[in-house]
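# Overview (structure and organization)
Okay, here's what each chain looks like letter by letter:
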Amino acid sequence: MSQVPDYYYNDDPKSFGYSTARSRWPKILTQAIDDAQTLVPANVKSQFIEGLQLILDQINNDSKVVPFTDEEIAANPLLKTYNHSLEELNRHRQLTWQTGPWLYLECHLYEMIEAINLRLDAHVDIFSHLKDSTFKQLAAGVAELAKHVNHLDTTQLDEDALSLVFREFIDISLWGNATDLSLLAGGVSVDEIKLLQGKEVRKKNEQNILVNDIDQVWKQLRSKPLGRVDIVLDNSGFELLADLCLTVCLLKSKLAKEVHIHCKEIPWFVSDTMPKDVNLLLHQLSDADFFPNDPELTTLKQSLQHYIDIGKLIVDHHPFWTLDLNFWHIPEANDLYQDLLESNLIIFKGDLNYRKLTGDRQWDPTTPFTTAIQQLATSKLPIVTLRTCKADVVVGLAPGQWEEIAQKYTDMGQDGQFWVALGKWAVIQFSSGQS
Ligand code: F6P
Ligand code: MG
């Protein structure tokens, strides 16, 4: 196995982790404290807010990272894995919030918030206001997508036309990830999100897909008997809607017999999808107080509900997705691994999933994707990542490509090295699992 490079650290000003730890996390927590006023039940509100404030102080003071307590582990045994990793990482260098490895700490942060929930028996999604209010503002994009997928007629399609339809819905799902709510804490506005969503814009953005293995993905799907496709989801709201449109496309056009969508079990990285977010989205589609009344939205809701009822759309969840472990460990998560082996294609959505696929390591950008995903490349799991780039790590680029884009931004007077975190570039990368 090739040499694995080091993580990205929060004290490296060249990493997006640097500003994340100093500016975005504090903003996310401050907003959560604000939202706790209305979301948390009165009997535990002040303790909940105290808990959030304590995390915020620890980040702002660059405190040492504290392991989870025995009581916290008793309430959630999975936290043992976190303490084990923390111990290992501390051996190398004492972790503090503003200096430690970005990916580990970001996962630890969301588990700390969940530990408050468990301690107080509160069961609150502290990000739910933000999730809902952003989705509500994207009504025009939602209507456009619903109409598009409802009118998809797959009855007369030859192989070439089918392939074009598939590519289009993959594109919709890819660019649905263009902006996530955690980036709202970094100054991206809802208007900017809207700009990223229309058909025209998707067309124009094609040149921003830096690596596109879609031909291999198509071949993979067509070489297998009709079977199962999995989507390891990222964000709720608009991105989830885009992924559900891809699901409808796969089922309608008989590219899949069933689609399993994989959710997080706890509130995660602000906007990630939990099973209750899937139900909520279905409800919102036909709630005239949420979106303007539109028969297209009701039709889409009915199709999705029908696919759920007949067992073709399966909403899954697994605790592995919110461990700090990267995805090289999937084969060790035995039940999940055995389950995923049943799939013809596993689609990993979004930036965080990409960071976990590649270990969030400082790979040279020309490193082959199959090297960066380590054991997954030989795991027999056929995977594709649909990722808009919002963090440092990127692999599989041509020699000079990273530098060329950086130079473009530098010439425009911007900090060129951060092009990779802007959410404006994307990769579609495939591994058959048979390397
Ligand atoms: O960089 C911003 C960030 O919060 C990263 O920490 C994380 O990788 C990403 O956003 C989440 O994006 P996505 O929702 O696409 O996984
Ligand atoms: Mg996310």
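Everything below is about the structure printed above this text.
For the structure given in this document, a descriptive report is provided here. (Residues numbered from 1 in each chain as written. Chains lettered and ligands numbered in written order. Predicted model: local features only at pLDDT ≥ 70, side-chain atom pairs only at ≥ 80, totals over all residues. Heavy atoms only, no water.)

### Regarding the overall build of the protein chain
Helix and strand counts for the protein chain stand at 18 helices and seven strands. Its C-alpha atoms give the protein chain a radius of gyration of 21 Å, near enough to 22 Å, the size a compact globule of 435 residues would have. Across its three principal axes, the protein chain shows a C-alpha extent of roughly 60 × 50 × 50 Å. Per-residue burial for the protein chain yields a buried fraction of 58% across its 435 residues. Contacts spanning at least 24 positions in sequence make up 79% of the contacts within the protein chain whose residues lie at least 6 apart. Carbon and sulfur atoms make up 51% of the accessible area of the protein chain, which totals about 17900 Å². Separation between the mean location of the 39 positive side-chain charges and that of the 60 negative ones in the protein chain comes to 3 Å. (Helix = DSSP H or I, 4+ residues; strand = E, 2+ residues; numbered from the N terminus. Rg over C-alpha atoms; globule rule 2.2 N^0.38 Å. Buried < 20%, exposed > 50% of the residue type's maximum accessible area, 1.4 Å probe, protein only. Contact = heavy atoms within 4.5 Å. Areas by Shrake-Rupley, 256 points an atom, 1.4 Å probe, with all protein chains shown as cover. Lys, Arg positive; Asp, Glu negative; His and termini not counted. Charge placed at Lys NZ, Arg CZ, Asp CG, Glu CD.)

### Remarks on the coordination of the magnesium ion (ligand 2)
Protein coordination of the magnesium ion (ligand 2) is provided by Asp234 (OD), Asn235 (OD1) and Asp272 (OD), with donor distances spanning 2.1 to 2.2 Å. Read in sequence order, the donor residues for the magnesium ion (ligand 2) give the motif D-N-x36-D. Note that asparagine 235 is positioned in the loop between strand 2 (228-232) and helix 12 (238-252) and aspartate 272 in the loop between strand 3 (258-263) and helix 13 (275-285), a separation of 37 residues in sequence. On the accessibility criterion, asparagine 235 (4% relative accessible area) is buried. Looking at aspartate 272, the relative accessible area reads 2%, which means it is buried. (Donors = N, O, S within 2.8 Å, 3.2 Å for Na, K, Ca; no water.)

### Here's the deal with the sheet that holds strand 1 (residues 209-212)
An order of 1-7-6-5-2-3-4 is seen for the seven strands of this open sheet, with the pairing classed as mixed. Where the open sheet ends on each side, the last strands, each with one partner, are strand 1 and strand 4 (313-317). Here the average twist between neighbouring strands, direction ignored, is 15 degrees. Sheet topology note: the strand 3/strand 4 ladder contains five bridges and is parallel. Paired with histidine 262 across the bridge in strand 4 is aspartate 316. Where helix 11 (residues 214-222) meets the sheet, its contacts fall on strand 1, strand 2, strand 5 (343-349), strand 6 (383-388) and strand 7 (426-431), and the angle it forms with strand 5 comes to roughly 150 degrees. (Pairing = 2+ DSSP bridges. Axes fitted to C-alpha atoms, helices over the stretch in contact; angles between N-to-C directions.)

### A closer look at helix 13
Three or more residues of helix 13 are buried, namely Asp277, Val278, Leu281, Leu282, Gln284 and Leu285. Buried residues of helix 13, viewed axially, fall in a sector of 165 degrees; they line one side. Lining the buried residues of helix 13 we find helix 6 (128-136), helix 7 (139-150), helix 12, strand 3, helix 14 (295-309) and strand 4. (Arc of directions from axis to C-beta.)

### Overview of the site of ligand 1
If you check the shell around ligand 1, you find 16 residues, and the closest are Arg24, Asp234, Asp351, Leu352 and Lys390. The contact in question runs from an oxygen atom of ligand 1 to an N or O atom on the side chain of asparagine 235, over 2.9 Å. Leucine 352 places a polar main-chain atom, nitrogen or oxygen, 2.7 Å from an oxygen atom of ligand 1. Computed on the free molecule, ligand 1 has an accessible area of 390 Å², of which 100% lies beneath the protein chains in the complex. Put simply, the parts of the chain that give the shell around ligand 1 at least two residues each are helix 1 (16-39), helix 5 (102-120) and helix 16 (350-357). Class assignment of the residues belonging to the shell around ligand 1 gives a composition of five nonpolar, four polar and seven charged. (Near = heavy atom within 4 Å. Polar contact = N/O pair within 3.5 Å; in protein donor to acceptor, adjacent residues only side chain to side chain. Nonpolar A, V, L, I, M, F, W, Y, C, P; charged D, E, K, R; others polar.)

### With respect to the packing of aromatic side chains
One pass over the structure, following the stated rule, counts 21 aromatic pairs. Ring plane angle 40 degrees and centroid distance 5.3 Å describe the contact between phenylalanine 166 and tryptophan 218, whose orientation is recorded as tilted. Taken together, the positions of phenylalanine 166 in helix 8 (residues 159-175) and tryptophan 218 in helix 11 put the pair 52 residues apart, joining distant regions of the chain. As far as the burial class goes, phenylalanine 166 and tryptophan 218 line up, both buried. In this structure an aromatic cluster arises from ring pairing among Tyr110, Phe127, Trp268 and Phe269. Above the ring of tyrosine 18, the side-chain terminus of arginine 22 is found at 3.7 Å from the ring centroid. (Phe/Tyr/Trp six-rings, centres within 6.5 Å; stacked < 30°, edge-to-face > 60°. Lys NZ or Arg CZ within 6 Å of the ring centre and 35° of its normal.)

### A closer look at the side chain of histidine 318
One can find histidine 318 in the loop between strand 4 and helix 15 (334-340). A polar side-chain atom of histidine 318 sits 2.9 Å from the main-chain amide nitrogen of phenylalanine 320. Only 3.0 Å separates the side chain of histidine 318 from the side chain of aspartate 335, close enough to count as a polar contact. Discounting residues that sit within four places of it in the chain, histidine 318 has contacts with Cys263, Glu265, Asp335 and Leu336.

### Description of the nonpolar core
The biggest cluster of nonpolar side chains holds 85 residues, and the ones touching the most others in it are Leu52, Ile126 and Ile330. In terms of residue count, helix 5 provides more of this core than any other element does, 11 residues in total. Filtering out sequence-adjacent residues up to four positions away, leucine 52 remains in contact with Leu29, Ala32, Ile33, Ala36, Ile113, Ile116 and Ile126. Counting 58 residues, the second-largest nonpolar core is a separate cluster that includes Val142, Ile170, Cys249 and Leu345. (Core = buried A, V, L, I, M, F, W, Y, C linked by side-chain atoms within 4.5 Å.)

### Details of helix 4 (residues 79-92)
Between its terminal C-alpha atoms helix 4 stretches 20 Å, which fits the 20 Å expected from 14 residues at 1.5 Å a residue. Along helix 4, the positions that sit buried rather than exposed are Leu79, Tyr82, Asn83, Ser85, Leu86 and Leu89. One face of helix 4 carries all of its buried residues, which in axial projection span an arc of 165 degrees. Projecting away from the buried face of helix 4 at angles above 90 degrees are the exposed residues Lys80 and Arg91. Buried-residue contacts for helix 4 involve helix 3 (70-75) and helix 5. (Expected span 1.5 Å × (residues − 1).)

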